[in-house]
Amino acid sequence: MADEALFLLLHNEMVAGLYRAAEQGEGENGRCTTKLESMGFRVGQGLIERFTKDTARFKDELDIMKFICKDFWTTVFKKQIDNLRTNHQGIYVLQDNKFRLLTQMSAGKQYLEHAPKYLAFTCGLIRGGLSNLGIKSIVTAEVSSMPACKFQVMIQKM
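Residues numbered from 1 in each chain as written. Predicted model: local features only at pLDDT ≥ 70, side-chain atom pairs only at ≥ 80, totals over all residues. Heavy atoms only, no water.

**As for the sheet that holds strand β1 (residues 83-86)**
Now for step 1: Pairing within the open sheet is antiparallel, and its four strands lie in the order β1-β2-β4-β3. The outermost strands of the open sheet, each flanked by one partner alone, are β1 and β3 (137-142). Each adjacent strand pair in this sheet contributes to an overall mean axis angle of 15 degrees, direction not counted.
Now for step 2: Two strands pair when backbone bridges link them, and β3 and strand β4 (residues 149-155) are joined in this way by six bridges, in the antiparallel orientation. (Pairing = 2+ DSSP bridges. Helix = DSSP H or I, 4+ residues; strand = E, 2+ residues; numbered from the N terminus. Axes fitted to C-alpha atoms, helices over the stretch in contact; angles between N-to-C directions.)

Structure follows, in structure tokens:
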């Protein structure tokens, strides 16, 4: 329980610190999102390396996405993804109806515009994990009502 609280506090402080620095003229808001996504990418790479060292090889990319939704998500966010959808052509939608990094914010619409900056790290986390499993991807996030969010993963064919 304490490690979860520490993770939430660290994440909130990373976001606040980067955006505070941008407001003081040390960077742009777009760069903050990129920096958060890069941090998440590196963390995702390291976590996947650690979590998969004792697992068997995955059969296909759907198997990898199921691992991300169940095991990886459970370890990081203490719950599984609520819904995984695919069009079987390289696009996956991961839906979390009570996303941990957004539950601390009000469920009202006034904070909806601030939600994307709290999702950039997680987009990088997913992309970094997939990258270390040999899948190049583009990950985007969307929030229509708090604290639910959807992550769209587009697999890049090599």
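Next, the rest of the story.
**Some words on the environment of I64**
Now for step 1: Looking at the secondary structure, you find I64 in helix α3 (residues 61-77).
Now for step 2: Each C-alpha atom, one on I64 and one on T52, is 11 Å from the other, the two residues being twelve residues apart in sequence.
Now for step 3: Each residue touching I64, except ones within four places of it in the same chain, is listed here: F58, L130, L133 and I135. (Contact = heavy atoms within 4.5 Å.)

**Observations regarding the pattern of salt bridges**
Now for step 1: Under the definition given, this model contains four salt bridges.
Now for step 2: A salt bridge links R127 to E37, with the shortest nitrogen-to-oxygen separation between them at 2.7 Å. With R127 in helix α4 (residues 120-132) and E37 in helix α2 (residues 29-51), this residue pair connects regions lying 90 residues apart in the sequence.
Now for step 3: We note a salt bridge from D82 to K79, for which the minimum N-O separation is 3.1 Å. (Salt bridge = Lys/Arg side-chain N within 4 Å of Asp/Glu carboxyl O.)

**Thoughts on the packing of aromatic side chains**
Now for step 1: Under the counting rule described, the total for this entry stands at seven aromatic pairs.
Now for step 2: Plain terms: the ring middles of F51 and F72 are 5.9 Å apart, the flat faces sit at 65 degrees to each other, and that makes the pair edge-to-face. Of this pair, F51 sits in helix α2 while F72 sits in helix α3, and the two are 21 residues apart along the sequence.
Now for step 3: The exposure class of F51 is partly exposed, given its relative accessible area of 23%. (Phe/Tyr/Trp six-rings, centres within 6.5 Å; stacked < 30°, edge-to-face > 60°. Buried < 20%, exposed > 50% of the residue type's maximum accessible area, 1.4 Å probe, protein only.)

**Side note on the environment of F151**
Now for step 1: Among the structural elements, F151 can be located in strand β4.
Now for step 2: Note: C-alpha distance between F151 and F67 (84 residues apart in sequence) is 15 Å.
Now for step 3: Filtering out sequence-adjacent residues up to four positions away, F151 remains in contact with W73, Y92, V93, L94, F99, L119, T122, C123, I126, T140 and A141.

**Focus: the nonpolar core**
Now for step 1: With 42 residues, the main nonpolar core has F72, L94, F99, L102, L130, F151 and V153 as its most contacted residues.
Now for step 2: Elements supplying a minimum of two residues to this core: α1 (2-23), α2, α3, β2 (91-96), α4 and β4.
Now for step 3: Considering every element that reaches this core, the biggest residue donor is α3, with nine residues.
Now for step 4: Setting aside residues up to four positions removed in sequence, F99 forms contacts with W73, F77, Y118, L119, T122, P147, C149 and F151. (Core = buried A, V, L, I, M, F, W, Y, C linked by side-chain atoms within 4.5 Å.)

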